[in-house]
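Listed here are the chains, written in short residue letters.
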Amino acid sequence: MARKSLIARERKRERMVAKYAEKRAALKAAGEWEELDKLPRNSNPIRLHNRCGLTGRPKGYMRKFGLCRVKFREMALDGKIPGIRKASW
């Protein structure tokens with residue numbers, strides 16, 4: 001489990017990106033780079049990092065499911081993810 005402070009920081013970044021998205025797009029389209037530089041750093045979507053929805057783990061993230069590989073495997077083996085089953089041949 002990731003530290004609560006890191007999860008909270010990432011959520012704060014997500015909110016800030018959403019808040020400034022429209023303004024950032026308008027400034028980019030107008031080519032006003034100086035004004036764009038004055039916006040908060042965390043309003044840039046590049047600074048977002050994908051994290052597991054259950055544990056907050058930043059590595060081994062599976063985009064399609066929004067989970068890390070560890071939780072994905074546990075849930076798949078328990079049958080909690082529809083359409084996923086362990087391969088056998």
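Residue numbers here run from 1 along each chain, matching the order of that chain's written sequence. Reporting in this predicted model follows two pLDDT cut-offs: at least 70 for local features of residues, and 80 or more for side-chain atom pairs to be given and counted; totals over whole chains, interfaces and linings ignore these cut-offs and use all residues. The side-chain numbers reported here are obtained from all heavy atoms of the structure, hydrogens and water having been left aside.

Looking at an unreviewed UniProt entry, one finds the chain named Small ribosomal subunit protein uS14, with Neolewinella xylanilytica as its source organism. The record in UniProt for the chain states the following under Function (unreviewed entry): "Binds 16S rRNA, required for the assembly of 30S particles and may also be responsible for determining the conformation of the 16S rRNA at the A site." UniProt positions are given in the numbering used here, feature names are shortened, and annotations may be inferred rather than shown by experiment. Quoted verbatim from the Sequence similarities (unreviewed entry) heading of the UniProt record, the comment on the chain is "Belongs to the universal ribosomal protein uS14 family."

The domain boundaries here were taken from an automatic or database domain assignment. Domain parsing of the chain yields domain 1 (1-49) and domain 2 (51-88). Taking only C-alpha atoms, the centre of domain 1 and the centre of domain 2 are 27 Å apart. With six residues of domain 1 in contact, the opposing surface of domain 2 contributes six residues. When domain 1 packs against domain 2, the two sides together hide about 470 Å² of surface, and 55% of this comes from carbon and sulfur. What makes two residues a contact is simply this: any of their non-hydrogen atoms within 4.5 Å. Defined in terms of a 1.4 Å probe, buried area is the accessible area two parts forfeit on being brought together, summed over both.

This part takes up the side chain of Thr55. Counting from the N terminus, the helices are the DSSP runs of H or I reaching at least four residues and the strands are the DSSP runs of E reaching at least two. The topology assignment puts Thr55 in the loop between helix 2 (33-38) and strand 1 (61-62). Identification of polar contacts relies on pairs of N or O atoms within 3.5 Å, with a donor-acceptor requirement for protein atoms, meaning one able to donate a hydrogen and the other able to accept it, and with residues adjacent in sequence counted only if both atoms are side-chain atoms. Of note is the side chain of Thr55, whose polar atom sits 3.3 Å from the backbone nitrogen of Arg57. Apart from the residues within four sequence positions on either side, Thr55 is in contact with Met1, Ala2, Ile7, Cys68 and Lys71.

Take the pattern of salt bridges next. For salt bridges, the criterion is a side-chain nitrogen of Lys or Arg within 4 Å of an Asp or Glu carboxyl oxygen. For the structure on display, the rule yields three salt bridges. Here Glu10 ties to Arg13 by a salt bridge, and the two come within 3.4 Å at their closest N and O atoms. On the criterion of helical spacing, the pair formed by Glu10 and Arg13 is a turn pair, its members being three residues apart in helix 1 (residues 4-30). Taken individually, Glu10 and Arg13 each receive the classification buried, so the pair is uniform in this respect. In this structure, Lys38 engages Glu35 in a salt bridge whose closest nitrogen and oxygen atoms are separated by 3.6 Å. Taken together, the residues Lys38 and Glu35, both in helix 2 and three residues apart, mark about one turn of the helix. Using a relative accessible area of 64% as the deciding quantity, one classes Lys38 as exposed. When accessible area is computed with a 1.4 Å probe and restricted to protein chains, residues below 20% of their type maximum are described as buried, those above 50% as exposed, and intermediate ones as partly exposed.

Let us now look at the packing of aromatic side chains. Here the aromatic set is Phe, Tyr and Trp, taking the six-membered ring for Trp, and pairing holds for ring centres within 6.5 Å; pairs whose planes are under 30 degrees apart are stacked, those over 60 apart are edge-to-face, and all others are tilted. Taken as a whole and assessed by the stated rule, the structure comprises one aromatic pair. Here Phe65 and Phe72 contribute two aromatic rings whose centre-to-centre distance is 4.7 Å and whose plane-to-plane angle is 40°, an arrangement assigned as tilted. On the basis of relative accessible area, Phe65 is assigned to the partly exposed category, the value being 30%. The exposure class assigned to Phe72 is buried, which follows from its relative accessible area of 15%.

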